Each structure stands twice: as structure tokens, then as C-alpha cells.
Amino acid sequence: MLNTLSYMVGTKMLRGPLFVGYDTLFPCNFQCSYCDRWKVKKGGELTTEEAIKTLQDLGKIGVWLISFSGGEP
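Residues numbered from 1 in each chain as written. Predicted model: local features only at pLDDT ≥ 70, side-chain atom pairs only at ≥ 80, totals over all residues. Heavy atoms only, no water.

S.K.: Help me understand the environment of Asn29, please; the structure alone is not making it clear to me.
M.R.: Within the element layout of this structure, Asn29 appears in the loop between strand E1 (19–23) and helix H2 (48–60). Accessibility expressed as a relative area gives 54% for Asn29, which makes it exposed. Linking Asn29 and Lys39, residues ten residues apart in sequence, is a C-alpha distance of 9.1 Å. (Helix = DSSP H or I, 4+ residues; strand = E, 2+ residues; numbered from the N terminus. Buried < 20%, exposed > 50% of the residue type's maximum accessible area, 1.4 Å probe, protein only.)

Shown next as C-alpha cells:
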């Protein structure tokens, strides 16, 4: 709640987000009824260097938990 308020009033957050969901790849071969990700033919995946930098930045802002997901099953 405090982080949301800090965005709204433009102040500095007291801490980073607790949880980040990180999809390593966007496209998927399955055609699940509850998801339309399979309709996307090309995702905007990060390069290895960009992904490493992103993860380092998440650590610097104090993310507590990162869930890795996504990609071809």
C-alpha cells in the first residue's frame, strides 16, 4: 500500500516490490483456453546482457522474490 501511495504522490518508495514475475520468453506453443499468449508470434525478448542487467537492477531496488516463467513448454 505504501508503494502505491508513493507513486501517486510522487515520493520515494520505502522499499522495492516484494514480488516480480519474470517471463523469460513470450511465445508459447500451447493453445490454452484461459490464455491468448499463443496468438503472439514474436515477443520482445531481452538479450542475455539486458536480462542480467534487469535482474541486477531488481536486486538493487530490493525485490524479495522473482518468479521465472514463460516460454515454450
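Now that the structure has been shown, we can carry on.
S.K.: What's the story with the environment of Tyr22 in this structure? I'm lost.
M.R.: Summarising the element assignment, Tyr22 is placed in strand E1. Among the residues examined, Tyr22 registers a relative accessible area of 13% and is labelled buried. Between the C-alpha atoms of Tyr22 and Gly70, which are 48 residues apart in sequence, the distance is 7.8 Å. Those residues within four positions of Tyr22 in sequence are excluded, and the remaining contacts are Leu46, Ala51, Thr54, Leu55, Ile66, Ser67, Phe68 and Ser69. (Contact = heavy atoms within 4.5 Å.)

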